[in-house]
Amino acid sequence: MSEPICIGVLGLGNVGAGVLEVLDRNADVLTQRTGKRLVVKTVLVHDLHKKRSVSLGSATLTVNAEDILNDPDIRIVVEVMGGEQPAYDYICAALRAGKYVVTANKEVVSKHKKTFFELARKHHTDIYFEASVGGGIPIIRSLKVGYAANQVKAFYGILNGTTNYILTQISEKNQSFEVALKTAQELGFAEADPTMDVSGLDTAYKLSILAAVALKSEVQVSDISYEGIEKVTLHDIRHAREMGYAIKLLAIGQQTGRGGISLRVHPTMIPLSHPLAHVRNELNALFMVGDMVGEAMLLGRGAGSLPTGSAVVSDIVDIVFDMAYEEPKRTQRNLEPHYEGAVLVDAGTVASQFYIRLWVADAPGTLAKLAAILGEWDISISKMMQQSVKNEVAELIIVTHSVLEKKMRQALSQIETLPEVKDIASLLHVGLDEGGL
Ligand code: HSE
């Protein structure tokens, strides 16, 4: 047997423990597949004396990152600490030392991918980040390699297990938001600060990574319009079901023609006839449309210790294959974003159907006034229902035909000023406007 491949692991939380467990439980299979023994030599932790449930094998624990970053025996550094710092510094140091890096950290990859790709190229090494999007589902590898013969026209992802779990539990069990969130935290897939999940930021980080992989575009989250699930109520979920839709938090990436791309994150009403509507609980999925392959969908566990560990170890296996080449540039050849290339189009210029729920005075003339404003903005109504009346206030649901978001918002700001309108309770996108339906 040839020399083992030594690995250093930065962080031993939920994901770090998963990586060690996958390497340990499938050690023989991994050796058979790679022809090498994959050995974790050193693990960076906060507390040397904490009791660990995972088997450490021959690994040494340290509180000093230099023990990994400066160790010439360690060829692969696995960063599973999460957060921007010190992960960013450690990844840069590892790449500068010519080590391969595997990370599960969407925030650091989303923010610094350009620097990482440049450093990796300069130091003849590479960075892999399969686990940063969609946990155990090989989304990045599929886009990079499996669909390499395609131009991706559009993709629609359910990329956050916590929010998908919450929406599913509310919809199927009438559970409250708080109870569902607490369970997601207990199950170990919510972020340390769950506002990142709920606000859509976690999904937006993942979307910016997919924009690099699928659309070859360098985009920062600060330029992406994102909205979370804070405003989605049990009411909306019920109405959506009655009308034949499920509400999901979607990450959407689309080619808009003439070099433009559209990236956005928002709750979307998806027809129950679409496979994405049936992605339940903490499962993640990516539905994509390639110009050659057509529609395709990837589905699986998007979070959790072992699924995420599985993705990290798959990157390690890829690297071991890569080590046989003189120039490790398989990832870069497939990934390198066209920095000046795509132009991100304003979210307001994208057309969609909309669902509006509002409370209005139950009096003659109310509907006529509403309809007149929609008409002025060229907005056509597809469906309308009056749901209930309380104290002479009626709950109205309107679903529009496709309209630019900008126009929809302008019409609503005018509608809001009508004395008959008591509250605009919800505005949701309906359907996937490109392909797939
Ligand atoms: N908090 C994330 C989720 C974990 O709920 O999907 C994986 O990134």
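## Some words on the nonpolar core
- Membership of the largest hydrophobic core comes to 75 residues, with the highest contact counts inside it found for Ile 139, Leu 143, Phe 155, Leu 210 and Met 269.
- Among the elements that take part in this core, helix H10 (residues 201-215) stands out by supplying 10 residues, more than any other.
- Residues Val 9, Ala 17, Val 40 and Val 102 belong to the second largest nonpolar core, which totals 32 residues.

## Let's talk about the domain arrangement of the chain
- By the assigned domains, the chain splits into domain 1 (5-135 + 306-341), domain 2 (139-299) and domain 3 (347-430).
- The centre of domain 1, based on its C-alpha atoms, is set 50 Å off from the matching centre of domain 3.

## A few points about the pattern of salt bridges
- Scanning the entire structure with this criterion turns up 19 salt bridges.
- The salt bridge partner of Glu 420 is Lys 369, with a shortest N-O separation of 2.6 Å. With Glu 420 in the loop between helix H15 (405-415) and strand E18 (421-430) and Lys 369 in helix H14 (residues 366-376), this residue pair connects regions lying 51 residues apart in the sequence.
- With relative accessibility at 16%, the residue Glu 420 sits in the buried group.
- Residue class for Lys 369 comes out partly exposed when judged on its relative accessible area of 38%.
- Overlapping salt bridges, with partners in common, bring together Lys 106, Glu 191, Asp 202 and Lys 206 in one network.

## Some thoughts on a nonpolar patch on the surface
- Taken together, the side chains of Leu 367, Ile 381 and Met 384 make up a nonpolar region of the molecular surface, amounting to roughly 220 Å² of accessible area.
- Structurally, Ile 381 is set in strand E15 (residues 381-390).

## A short note on the packing of H14 against H15
- Interaxial distance between H14 and H15 falls to 9 Å at its minimum, and their mutual angle equals 150 degrees. With respect to their mutual orientation, H14 and H15 come out roughly antiparallel. As for how H14 packs across H15, the hand of that crossing is right-handed. Residue-level contacts link Leu 370, Ile 373, Leu 374 and Glu 376 of H14 to Met 408, Ala 411, Gln 414 and Ile 415 of H15.

## Side note on H10
- Taking 1.5 Å as the rise per residue, H10 with 15 residues should run 21 Å; its terminal C-alpha atoms sit 20 Å apart, in good agreement.
- Buried residues dominate H10, accounting for 15 of its 15 residues.
- Among the residues trailing H10, Lys 216 stands out with phi positive, at a value near 55 degrees.

## Remarks on the sheet that holds strand E1 (residues 5-10)
- Spatial ordering of the open sheet is given by E3-E2-E1-E4-E5-E6, a layout of six strands whose pairing is parallel. Since the sheet does not close on itself, it has two edges, and those belong to strand E3 (60-62) and strand E6 (127-128), each with one partner.
- Pairing analysis gives six bridges linking E1 to strand E2 (residues 38-44), with the strands arranged parallel. Each residue of the ladder has a partner; that of Leu 10, found in E2, is Leu 44.

## Some words on the packing of helix H6 (residues 139-146) against H10
- At a minimum axis separation of 9 Å, H6 and H10 run at an interaxial angle of 20 degrees. Taken together, the axes of H6 and H10 are roughly parallel relative to one another. As H6 packs across H10, the resulting crossing turns out to be left-handed. Where H6 approaches H10, its residues Ile 139, Ile 140, Leu 143 and Lys 144 are matched on the opposing element by Ile 209, Leu 210, Val 213 and Ala 214.
- Considering only residue class, the contact of H6 with H10 consists of seven nonpolar, no polar and one charged.

What counts as what
Residues numbered from 1 in each chain as written. Predicted model: local features only at pLDDT ≥ 70, side-chain atom pairs only at ≥ 80, totals over all residues. Heavy atoms only, no water. Core = buried A, V, L, I, M, F, W, Y, C linked by side-chain atoms within 4.5 Å. Buried < 20%, exposed > 50% of the residue type's maximum accessible area, 1.4 Å probe, protein only. Helix = DSSP H or I, 4+ residues; strand = E, 2+ residues; numbered from the N terminus. Domains from an automatic or database assignment. Salt bridge = Lys/Arg side-chain N within 4 Å of Asp/Glu carboxyl O. Patch = residues over 30% accessible without salt bridge, like charges linked within 9 Å, V, L, I, M, F, W, Y side chains within 5 Å. Areas by Shrake-Rupley, 256 points an atom, 1.4 Å probe, with all protein chains shown as cover. Axes fitted to C-alpha atoms, helices over the stretch in contact; angles between N-to-C directions. Parallel < 35°, antiparallel > 145°, perpendicular 65-115°, else oblique. Left-handed = near helix turned anticlockwise from the far one by under 90°. Contact = heavy atoms within 4.5 Å. Expected span 1.5 Å × (residues − 1). Pairing = 2+ DSSP bridges. Nonpolar A, V, L, I, M, F, W, Y, C, P; charged D, E, K, R; others polar.

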